[in-house]
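Analysis of the macromolecular model
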Amino acid sequence: MIVRRGVKFLDDRLGSSAFIKAALHKVFPDHWSFMLGEICLYAFIVLLLTGSYLAFFFNDSSAPVVYHGPYASLDGRSVPASFASVMNISFSTHLGLLIRQMHHWGALVFAGAIIFHMMRIFFTGAFRKPREMNWTIGVTLLLLAMGEGFCGYSLPGDLLSGAGIRIAYSVAESIPLVGTWLAFFFFGGKFPTDVTTQRLFILHVWILPLALAGLIALHLGMIWRQHHTQFRGPKATEQNVVGSSLWPRYTIKSLALFSATIGVLALLGGFFTINPIYVYGPFDGWTVASPAQPDWYVAWLDGALRIGPALALHLWGHTVPPAFWSGILMPLVLFTGLFAWPEIERAITGDNREHNLDDMPYDKPWRLGLGVAVLTFGTVIGFAGSDDIQAKLFHIDVEVLMYVYRFLSVLAPLIFGLIAVGIGYELRARFESAAGREHIRRATIRRNTQGGYDEERKAEPT
Amino acid sequence: MKSARPNQHNGMAAVRRRGLRGALAAVVALLLLGQAGSVARAEDATHWLTPSRPAIGPGLLFETGIPAQDESPVFRDQAQLLREGNDLYGTHCASCHGVSALGTRGAPSLQSSGGAVVDFYLSTGRMPLADKAAVSPNPAYPIAADMMLGTQAYHTLPLFDARQSAAIDAYVTSRAAQSIPIPIVNLDSTKLQRGRLLYEDNCEACHGAAAEGATAGRQWTALPLDRATPTQLGEAVRIGPGVMPRFTSRQLSDDDVDAIATYVRFLATNSQSYGGTVMGYLGPISEGAVGAFIGVGFLFWVIYFTGTRADGRRFNEID
Amino acid sequence: MSYAKKELVVAALLTATIVCAVAFAYVYATSADTQLAAALLTVAFGGLAAALVVWEHELMPRKVTIEDRGSLPSGADKNDAASDEFLRGADETVGRRWWLVRVFAGALGTLGIAVLFPLRSLAPTFANISDLTHTSWRRGSRLVRADGTLVRADDLDVNSVVTVFPEGHVGPQYANDMANDATVLVRVPAAELHLPPERVGWAPQGLLAFSKVCTHAGCPVGLYRAAARQLFCPCHQSTFDVLTGGNRIFGPAARGLPQLPIRIDPDGTIAALSDYPEPIGPGYWERA
């Protein structure tokens, strides 16, 4: 009764009944890998909720105050006001520490889920026409998520994140021609400034979340309009979607995932310490504790800074310092490649058709190999970012590890990429012959002047 | 004829009434429980929202039985002690440190190493070196009088007891022109804040924010400090073993050393695990591993259960 | 498992959720124990998730729905109609008045650029590159610790290290300056020094002062391997040799640490002879 009254209420005012019927009947594929993106979405929602709560208690000023609170070893110490507010959240607010840790774990899970989701899209070719724009939005979301995380963990004004801000400043400075100007502009002067925390705060709670939410809405809107892709299956074709309808089944599964995400973040938030700023202590600008690492989704950049060449270019009285190669150039090349990938693949395959059926990863072995190579590269330089911890744990010289990682950062992607290509070809041959689908090889046969036949082969996917 | 009105004990209206009553009951119960809980604790009597956890302070400084006051025994029979020291030195030390503690190619002279140096190296088990084959000093670095550069020594079980240690010390001191006395380190919980500040300014760059240790490059490790007694902490500060810098009493007074030792012992006995396991204070890397693999991994498991596999079947559907 | 049993499983999971939710609220109000609250929240939400999964899997019939995609491309006619709609309006607006459109574009462009000008206020009032080339050190600045106490030459033995700042520039109001002025003061045996000839006078009695700001990415170079006479940066492991005047011997830094020329005054205090001879910290474009 209530449902009927509600539908009539809306329809009288919005003419919405046709839309509601279509919406509730919308079909989503059932395969588990299609829910990876939803993990990102729900992690984002948890971040919004916990973040809003924290923002009420956070003080974005870096002016010095005296901390007084139950945490004895810092009692009476002069700390930035932002630090003191996070200490109060952690120790003077009921369950403040739990919510704060859930928020930070949410960021790590958000970034991780984006990477895994991106892997699914990439390896199955779901970025192909008509979904190139969504791929662009997705890569942008990854960048925004990393930036948002960096701003977030830099807000408390603790020693570790302060070192991270210093490094970010130096990397910005390293850009030729405009580096110093950019650094002065964004940070408000010579490092350290009094306005950095304030600016990071506005970025973190307003500008970046707005961009993230807007792009996520666009991302979902496009999926709604274009429908999901789907894997090949007995009933699946390029013209339909096979799976569960939004109501009731997909809603229930999605709610389950939402609930599970909150549950997992609660588990992490209560049982695994993250970012113990009370151990690191407040930022002061002239000390840093060893070891010093950023959050994992930025660790690849830190690793690149460690193993990058100690090469400074001196051009006509100007300097391009070593931080530029690892901190700006390499990420620029990487992300340009990521953004341009749909175009690159289109140029390689010459394939401009609409694709609604997903490849299996082995269907394009070269794409599999390239993706594995890039992931391997990211993993290697990510591990390089903690080479000093490995040096301590395994009693290896950190200098030796640096050279090892330099070597691996080139060799490992090559090796693992080639292995992946080989495995891809093998799997493709096996699965396709098993499915009765041969990889069609079109051959053009021409009569030649000698009276024989010339055969020109060209491989084409089915 | 059945009435068109829903039965007053069933139907939507009744469900709503029951639901409202139930919710009200739950809220009332909550409030009562909350009050009951707070009344049970005297210090909470003023306001039920006052944090009731005790202050996170040095309540457990002395729990591991490490005495706040240094209790090293004093041995009065100097002549006998010297004879014992002579024997012990000849047996364990002379092969590397040479006759009369003058040093050899393999090990530095101990000429000004009596007192704190001998006590530190012996009581932390750094000496005698377990790995004698590692005694080959790096010719790039000159061997200074009171340190060993060729290898990183670790804090292990000492070979000598207090008496033997004192004996060797007596022997070495008898040969020494100058020595650093064994510091007397007293833990004092009122110095916790100052100790933390001094630790941050002087120690955490190498030893880590939680004294968990870190690499110092090459073969050296700034060790975790949880195994060191207050005396050993003071000795290390004064002598600068290995590649560690040395802090004179003009730089860090005895009071300062007491404060630092207090903070280090506090860290050793109070795991800062208010938010859960600290994972060895390894920092963002361990957090990343847990978040990306355990966190996302767990959710992988969830979506695997809710979704289907490639062949369209669910996890529990067999062919 | 029978259908009724499956229903009971779902009910049990949801009951666990209810109990844990109430308990969570109670824990919040009383002990606010982080781990207990987290456990309750995990079971509450986990139970809800599990209940929903079981409900959908076991209590509802397995059903696969197929939906027709429809075709995305609308066809040439509709495309033309859409383009024509726009072009017709544009033609009505512009006609032959292209020169006016250019003026309009000029107006929009200049206006758009003009309203961006207030962003300039985000950059400091003196966007001075010379800010990067100077510190607070001057000729005669005496070396003090972070708490303001003067450092005396005999406070340091060989293998000692201390972080120093220019006198009068320490304290909460100088916190930003202190980050850049931070200087590492060490003492080495004078006989071991291998300084370049012009710097021999910068290290009286084996005392040397170096900028603490790493020339790679700006982290404070806090680790001093005293017996090896090397400064080691914890961020990216750049290593600097003290005896040769701060030369870089390992790591991604391309330059050595700038050295501060110092002298020892008759009263035993230490003073700088001048500011650093080169900009401290990481490299940047304007730096030669």
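Residues numbered from 1 in each chain as written. Chains lettered and ligands numbered in written order. Predicted model: local features only at pLDDT ≥ 70, side-chain atom pairs only at ≥ 80, totals over all residues. Heavy atoms only, no water.

For the rest of this paragraph, the subject is empty space enclosed by the protein. Per the stated rule, a full pass over the model turns up 9 cavities of 30 Å³ or more. One number sums up the size of the second largest cavity: a volume of about 220 Å³. Elements represented by at least two residues in the lining of the second largest cavity include exactly helix H7 (159–173) and helix H11 (277–280) of chain A together with helix H9 (284–306) of chain B. For the lining of the second largest cavity, a count of residues per class yields 15 nonpolar, 5 polar and 2 charged. (1 Å grid on protein atoms, 1.4 Å probe; cavity = no way out; pocket = protein on both sides within 12 Å on 5 of 7 lines; lining within 4 Å. Points joined across faces, edges and corners; volume = space filled by probe spheres on them. Helix = DSSP H or I, 4+ residues; strand = E, 2+ residues; numbered from the N terminus. Nonpolar A, V, L, I, M, F, W, Y, C, P; charged D, E, K, R; others polar.)

Note: interface size is frequently given as the accessible area lost on complex formation between the parts. In this assembly, 34 residues from chain C lie in contact with 41 residues from chain B. Taken over both partners, the interface formed by chain C and chain B buries close to 3100 Å², and the fraction arising from carbon and sulfur atoms is 51%. When residues of chain C are sorted by the area they lose upon contact with chain B, His57(C), Arg62(C) and Arg225(C) head the list and together hold 19% of the total. Between Asp157(C) and Arg246(B) there is a salt bridge, with the nearest N and O atoms lying 3.4 Å from each other. Along the contact surface separating chain C from chain B lie 11 residue pairs in polar contact (both at pLDDT 80 or more). Looking at the side of chain C that touches chain B, the elements with two or more residues in it are helix H1 (3–29), helix H2 (34–59), strand S3 (161–166), strand S6 (223–225) and strand S7 (230–232) of chain C. For the side of chain C that touches chain B, the element with the highest residue contribution is H2(C), accounting for 6 residues. (Contact = heavy atoms within 4.5 Å. Buried area = accessible area lost by both parts, 1.4 Å probe. Salt bridge = Lys/Arg side-chain N within 4 Å of Asp/Glu carboxyl O. Polar contact = N/O pair within 3.5 Å; in protein donor to acceptor, adjacent residues only side chain to side chain.)

What follows concerns the pattern of salt bridges. All names here are of chain A. On inspection of all chains with the given rule, the structure shows 36 salt bridges over all chains. Salt-bridge contacts for Asp359 lead to Arg128; the nearest nitrogen and oxygen are separated by 3.4 Å. Taken together, the positions of Asp359 in the loop between strand S8 (357–358) and helix H14 (365–384) and Arg128 in the loop between helix H5 (96–123) and helix H6 (132–154) put the pair 231 residues apart, joining distant regions of the chain. Arg128 matches Asp359 in its accessibility class, with the two residues each being buried. (Buried < 20%, exposed > 50% of the residue type's maximum accessible area, 1.4 Å probe, protein only.)

Moving on to the sheet that holds strand S5 (residues 207–211) of chain C. The 4 strands are arranged S2-S3-S4-S5 (chain C) in an open sheet whose pairing can be described as antiparallel. Edge positions in the open sheet fall to strand S2 (143–144) and S5 of chain C, since each of these has one partner strand only. (Pairing = 2+ DSSP bridges.)

Looking now at the interface of chain C and chain A. With 80 residues of chain C at the contact, the number on the chain A side is 92 residues. Between chain C and chain A, a total of about 7100 Å² is buried, with carbon and sulfur atoms accounting for 64% of that surface. When the buried surface of chain C facing chain A is broken down by residue, Glu67(C), Arg69(C) and Trp285(C) rank first, second and third, together holding 15% of it. One can count 0 salt bridges joining chain C with chain A. Between the two partners, chain C and chain A, sit 26 residue pairs in polar contact (both at pLDDT 80 or more). Of all the elements in the fold, those that place two or more residues in the side of chain C that touches chain A are H1, H2, strand S1 (65–68), helix H5 (130–133), S3, helix H6 (175–181), S6 and strand S9 (247–250) of chain C.

Residues and elements named next belong to chain C. Summed over the entire model, instances satisfying the criterion amount to 1 disulfide over all chains. Each sulfur in the disulfide pair Cys219 and Cys235 lies 2.0 Å from the other. Given an S-S torsion of about -85°, the disulfide between Cys219 and Cys235 has left-handed geometry. Here the residue Cys219 occupies a position in the loop between S5 and S6, and Cys235 occupies one in the loop between S7 and strand S8 (239–241), the gap between them amounting to 16 residues. One exposure class covers both Cys219 and Cys235, and it is buried. (Disulfide = S-S within 2.5 Å.)

With that settled, the discussion passes to the sheet that holds S8(C). Across a sheet, strands are paired by hydrogen bonds formed along the backbone, either parallel or antiparallel in direction. Residues and elements named next belong to chain C. Taken in spatial order, the 4 strands line up as S6-S7-S8-S9 in an open sheet, and their pairing is antiparallel. What marks the edges here is a single partner per strand, and that holds for S6 and S9. Each neighbouring strand pair of the sheet contributes to a mean axis angle of 30°, computed without reference to strand direction. (Axes fitted to C-alpha atoms, helices over the stretch in contact; angles between N-to-C directions.)

This part takes up the packing of aromatic side chains. Scanning all chains against the criterion turns up 41 aromatic pairs over all chains. Between the aromatic rings of Phe116(A) and Phe300(B), the centroid separation amounts to 5.2 Å while the plane-to-plane angle is 85°, which identifies the pairing as edge-to-face. Taken together, the residues Phe116(A) in helix H5 and Phe300(B) in helix H9 connect one chain to another. When its relative accessible area of 25% is taken as the criterion, Phe300(B) is described as partly exposed. Taken together through their ring pairs, the aromatic side chains of Phe122(A), Phe123(A), Phe127(A), Trp135(A), Trp341(A) and Trp366(A) make up a single cluster. Positioned over the ring face of Phe9(A) is Arg13(A), at 3.7 Å from the centre of the ring. Over the face of the ring belonging to Phe34(A) we find Arg120(A), whose NZ or CZ atom lies 4.0 Å from the ring centre. (Phe/Tyr/Trp six-rings, centres within 6.5 Å; stacked < 30°, edge-to-face > 60°. Lys NZ or Arg CZ within 6 Å of the ring centre and 35° of its normal.)

A few words on the domain arrangement of chain C. Under the domain assignment used here, chain C contains domain 1 (3–59) and domain 2 (131–272). Averaged C-alpha coordinates put domain 1 of chain C and domain 2 of chain C at centres separated by 59 Å. (Domains from an automatic or database assignment.)

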